[in-house]
Amino acid sequence: MAKRFGAETVDFTPVVPDDIGEQTQLVDEALAQRPDAFVIAPVHPTRMNDALRRIEAAGIPICAFVNPVLAAKCVTFAGSDDYALGTKVAEHLCRHLSGRGTVLLLAGPAESPTGIPRLRAFQDVLARHPGIRAIGPLPGAFHRDRARAETARWLKEDGAPLDAVLAANDAMALGAQDTLKAAGRNVIASGVNAIPEAIEAIKAGTMLSTADFDAMNLAALATECALRHLRGESVPATVVLPVQLVERSNCSQWDLPFEKRPIRTLEELT
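Everything quoted here is computed from the prediction, not taken from an experiment. (Residues numbered from 1 in each chain as written. Predicted model: local features only at pLDDT ≥ 70, side-chain atom pairs only at ≥ 80, totals over all residues. Heavy atoms only, no water.)

Caption draft 1: A look at the packing of aromatic side chains. The tally for this structure, following the rule as stated, stands at 0 aromatic pairs. Above the ring of Phe213, the side-chain terminus of Arg118 is found at 4.6 Å from the ring centroid. (Phe/Tyr/Trp six-rings, centres within 6.5 Å; stacked < 30°, edge-to-face > 60°. Lys NZ or Arg CZ within 6 Å of the ring centre and 35° of its normal.)

This is the structure in structure tokens:
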């Protein structure tokens, strides 16, 4: 997106996922270079506030994606309707189960702005299907290894019969399946994100569905808004991608590596 506008990006990429101290340090390193704008996904809803206020105090415009900026003025937030994503995925799973069965839930980080509404949607949908029993949620923290470990712990302590896994992201869905498969249980799973590994699993029939949470496109849209703002153009305060369920009948649209997936622009969304 920056190339389309003749702009240059300087990237500050964390080594450790979701590390508040590291992202704070990266913000300060970026501030020292006096960029024209920041495009950022805060790793925590409140614990990045001081760093975000330092950006605002420097007079540098902020555009956020994935997670909103609440403690400082934000030009545009590019995000998704995570409750709607979770609802779509959970409803599809319930139809697949014909309204009966046992489902293991895996949740994201306790304070995640994306994980919380997804889990709430899962629970609300399952509550409308009295024939479905929900187990959990297990704390998968959005990571495959953590989901493997938590599922292994649950198998050791409980290990009830299961019909499906419903996870707040694909990595956790795949991690739970890793552990269950190793224990001799082939259980269908649904997640969120439409990562390439999930698309492969859907094609193979081991995952039922996912939803397209397109963080790459969200980053591109936030960048477009930042650059248009710097040109003096009016940009929306919020940009939300449409909810798209991905399952076997349509997964070919997402059967591409990230770098080859199409990016939608503001003009295409409005």
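That covers the picture; the talk isn't over yet.
Caption draft 2: Representation of the nonpolar core within the structure. Counting residues in each nonpolar core, the largest one holds 66 residues, and the members touching the most others are Val103, Leu106 and Leu166. When residues no more than four places from it in sequence are discounted, the contact partners of Leu166 are Val89, Ala90, Leu93, Val103, Leu104, Leu105, Leu106, Phe122, Leu126 and Ser190. In terms of nonpolar packing, the next biggest core, distinct from the first, is built from 16 residues, Ile20, Leu31, Phe38 and Ile40 among them. (Core = buried A, V, L, I, M, F, W, Y, C linked by side-chain atoms within 4.5 Å. Buried < 20%, exposed > 50% of the residue type's maximum accessible area, 1.4 Å probe, protein only. Contact = heavy atoms within 4.5 Å.)

Caption draft 3: Here's a closer look at the sheet that holds strand β7 (residues 188-190). Spatial strand order, β5-β4-β6-β7-β8-β10: 6 strands in an open sheet with mixed pairing. Every other strand in the sheet has two partners, leaving β5 (132-139) and β10 (245-247) as the edge strands with one partner each. Neighbouring strand axes in the sheet, compared pairwise and without regard to direction, differ in orientation by 20 degrees on average. When strand β8 (residues 207-211) meets β10, the two strands line up antiparallel, connected through 3 bridges. Residue pairing across strands places Thr210 opposite Val246, the latter belonging to β10. Helix-sheet contacts for helix α4 (residues 115-127) involve β4 (101-107), β5 and β6 (164-167), and the interaxial angle to β4 is about 165 degrees. Where helix α5 (residues 144-157) meets the sheet, its contacts fall on β4 and β5, and the angle it forms with β5 comes to roughly 125 degrees. (Pairing = 2+ DSSP bridges. Helix = DSSP H or I, 4+ residues; strand = E, 2+ residues; numbered from the N terminus. Axes fitted to C-alpha atoms, helices over the stretch in contact; angles between N-to-C directions.)

Caption draft 4: Up close: the environment of Ser98. Topologically, Ser98 is positioned in the loop between α3 (82-96) and β4. Relative accessible area serves as the criterion here: at 61%, Ser98 is assigned to the exposed category. Taking the C-alpha atoms as reference points, Ser98 and Gly131, 33 residues apart in sequence, are found 9.0 Å from one another.

Caption draft 5: Representation of the sheet that holds strand β2 (residues 62-65). Pairing within the open sheet is parallel, and its 4 strands lie in the order β1-β2-β3-β9. Each edge of the sheet is formed by a strand with only one pairing partner; in this case those strands are β1 (38-40) and β9 (238-240). Ignoring which end each strand starts from, the neighbouring axes of this sheet average 15 degrees apart. Two strands pair when backbone bridges link them, and β2 and strand β3 (residues 76-79) are joined in this way by 3 bridges, in the parallel orientation. Bridging across to β3, Ala64 finds its partner in Phe77.

Caption draft 6: The packing of α3 against α4, seen in detail. In the contact formed by α3 and α4, the axes pass within 7 Å of each other and the chain directions differ by 35 degrees. Taken as a pair, α3 and α4 cross one another with a handedness that is right-handed. Contacts between α3 and α4 involve Asp82, Tyr83, Gly86, Thr87, Ala90, Glu91 and Cys94 from the former and Pro117, Arg118, Arg120, Ala121, Phe122, Asp124, Val125 and Leu126 from the latter. Of the residues in the contact of α3 with α4, the class split is 8 nonpolar, 2 polar and 5 charged. (Left-handed = near helix turned anticlockwise from the far one by under 90°. Nonpolar A, V, L, I, M, F, W, Y, C, P; charged D, E, K, R; others polar.)

Caption draft 7: Seen up close, the pairing of β4. The element β4 is extensively covered by neighbouring structure, given that 7 of its 7 residues are classed as buried. By the alternation rule, side chains of β4 split into Gly101, Val103, Leu105 and Ala107 and Thr102, Leu104 and Leu106, which are all buried. When β4 meets β5, the two strands line up parallel, connected through 6 bridges. By the bridge assignment for β5, Thr102 is matched with Arg133. Crossover β4 to β5 through α4 is right-handed. As judged from the 4 bridges shared by β4 and β6, these two strands associate in the parallel manner. Note that in β6 the partner of Leu104 across the bridge is Val165. (Right-handed = clockwise from strand over helix to strand, strands pointing away.)

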